[in-house]
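# A closer look at the structure
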Amino acid sequence: MKSLWWQTVGTGNCHLVLLHGWGLNAEVWNTIREELASHFTLHLVDLPGFGRSRGYQALTLEAMAEEVLERAPQNAIWLGWSLGGLVASQIALTHPTRVQALVTVASSPCFSAREGWPGIKSEVLAGFQQQLSDDFQRTVERFLALQTMGTDTARQDARLLKSIVLSLPMPDVSVLNGGLEILKTVDLRAPLAALAMPHLRIYGYLDGLVPRKIVPLLDALWPDSESLVIPKAAHAPFVSHPAEFCAALIALRQRIE
């Protein structure tokens, strides 16, 4: 039986939905949860097939977005990290009246490298898909290590992410593969140029998965959006730099209210 795990904490009339990245679950927000819950009503979600949201097969991006939207408040700020950024972006495209503002974190509208577009080489993503079949726990751990590489706190941040993954049952290989397929194939660059709501993009300067070279490209492509690059952060800026991260979200709320 399908069951989407959803938890609401905090108070206030400004709702903030948090969507995690590939292989992880909502426990990833623990380092900033308390601070954000004093400013927002937080909605913590395990994406379909991940963490405690069991009983799902691999879904398309569109299906994943619809599944999450069913449980969501009527109007909220949607924040998505990495793969979660694509889910939040898809919701902003298809249900704009439900999205007060869109925040994408260490995310790209097109994760895969294309001509004239920096990203993850398709053979790297294909390699991860192949390795999942052989030893999927080790493959997930390697992916997590990539997310913190280069930061001052890389080792402890990687340990934290690993403990979050291992604290709950591992997703099925088919679900992990489906997530990688989304990262490999989806390209929302053109559709997102038409977004009307506030759009904040947060990046880590040292991110090895979402290269900082995309920031000026998207600044030009989406002139109405706003970008913030956290200098010493990698792919998980909310883990390595929680104070700067939370301050950016609180400032966004003040601007849109």
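The model shown is predicted, which means the values in this text are computed figures rather than measured ones.

### Structural notes on the overall build of the protein
A count of helices and strands for the protein gives 10 helices and 7 strands. Its C-alpha atoms give the protein a radius of gyration of 17 Å, within 12% of the compact-globule value 18 Å for 257 residues. With the C-alpha coordinates aligned to their principal axes, the bounding extent of the protein is approximately 50 × 45 × 35 Å. Expressed as a percentage of the 257 residues in the protein, the buried residues total 55%. For the protein, restricting intrachain contacts to residue pairs at least 6 apart in sequence, the fraction spanning at least 24 positions comes to 78%. By element, 52% of the accessible surface of the protein is carried by carbon and sulfur atoms, the whole surface being about 10,700 Å².

### Things to note about the pairing of strand 7 (residues 226–230)
For strand 6 (residues 199–204) and strand 7, the ladder comprises 5 bridges, and the chain directions are parallel. Each bridged residue has a counterpart across the sheet, and for arginine 201 the counterpart in strand 7 is serine 227. Considered for its hand, the β-α-β crossover made up of strand 6, helix 8 (residues 214–221) and strand 7 is right-handed.

### Comments concerning the pattern of salt bridges
Summed over the entire model, instances satisfying the criterion amount to 8 salt bridges. With a closest N to O distance of 3.6 Å, arginine 114 and aspartate 187 form a salt bridge. Here arginine 114, found in the loop between strand 5 (99–105) and helix 4 (122–148), pairs with aspartate 187, found in the loop between helix 6 (173–185) and helix 7 (189–192); they are 73 residues apart in sequence, far enough to count as distant. Overall, the relative accessible area of 31% leaves arginine 114 in the partly exposed class. Taking the relative accessible area as the measure of exposure, aspartate 187 reaches 29% and is therefore partly exposed.

### Some points on a nonpolar patch on the surface
Together, Tyr205, Leu206 and Val229 give the surface a local cluster of nonpolar side chains, amounting to about 210 Å² of exposed area. Residue position: leucine 206 is located in the loop between strand 6 and helix 8.

### Digging into the UniProt feature "active site" (unreviewed entry) in the protein
Here, the residues flagged by UniProt with the feature "active site" (unreviewed entry) are Ser82, Asp207 and His235. For this annotated set, covering 154 residues, all C-alpha atoms fall within 11.1 Å of each other, a compact arrangement in space. On the secondary structure map, serine 82 appears in the loop between strand 4 (76–81) and helix 3 (83–94). Sequence-distant contacts of serine 82, that is, excluding residues within four places in its chain, are made with Gly21, Val105, Ala106, Ser107, Phe111 and His235. Position of histidine 235 among the secondary structure elements: in the loop between strand 7 and helix 9 (237–240). Residue classification places histidine 235 among the buried residues on the basis of a relative accessible area of 1%.

### Focus: the packing of aromatic side chains
Across all of its chains, the model carries 6 aromatic pairs by this definition. When the ring of tryptophan 22 is compared with that of phenylalanine 143, the centres are 4.7 Å apart and the planes differ by 65°; the resulting orientation is edge-to-face. Of this pair, tryptophan 22 sits in the loop between strand 2 (15–19) and helix 1 (30–37) while phenylalanine 143 is found in helix 4, placing the two residues 121 residues apart along the sequence. For tryptophan 22, a relative accessible area of 2% translates into the label buried. Taken together, the ring pairs connect Trp29, Trp81, Phe238 and Phe245 into an aromatic cluster. Here the basic side chain of arginine 212 rests over the ring of tyrosine 205, its NZ or CZ set 3.8 Å away from the ring centre.

### Regarding the side chain of arginine 189
With respect to the secondary-structure elements, arginine 189 resides in helix 7. A distance of 2.7 Å separates polar atoms of two side chains, one belonging to arginine 189 and the other to aspartate 187.

Cut-offs and rules
- Residues numbered from 1 in each chain as written.
- Predicted model: local features only at pLDDT ≥ 70, side-chain atom pairs only at ≥ 80, totals over all residues.
- Heavy atoms only, no water.
- Helix = DSSP H or I, 4+ residues; strand = E, 2+ residues; numbered from the N terminus.
- Rg over C-alpha atoms; globule rule 2.2 N^0.38 Å.
- Buried < 20%, exposed > 50% of the residue type's maximum accessible area, 1.4 Å probe, protein only.
- Contact = heavy atoms within 4.5 Å.
- Areas by Shrake-Rupley, 256 points an atom, 1.4 Å probe, with all protein chains shown as cover.
- Pairing = 2+ DSSP bridges.
- Right-handed = clockwise from strand over helix to strand, strands pointing away.
- Salt bridge = Lys/Arg side-chain N within 4 Å of Asp/Glu carboxyl O.
- Patch = residues over 30% accessible without salt bridge, like charges linked within 9 Å, V, L, I, M, F, W, Y side chains within 5 Å.
- UniProt positions renumbered as here; feature names shortened; annotations may be inferred.
- Phe/Tyr/Trp six-rings, centres within 6.5 Å; stacked < 30°, edge-to-face > 60°.
- Lys NZ or Arg CZ within 6 Å of the ring centre and 35° of its normal.
- Polar contact = N/O pair within 3.5 Å; in protein donor to acceptor, adjacent residues only side chain to side chain.

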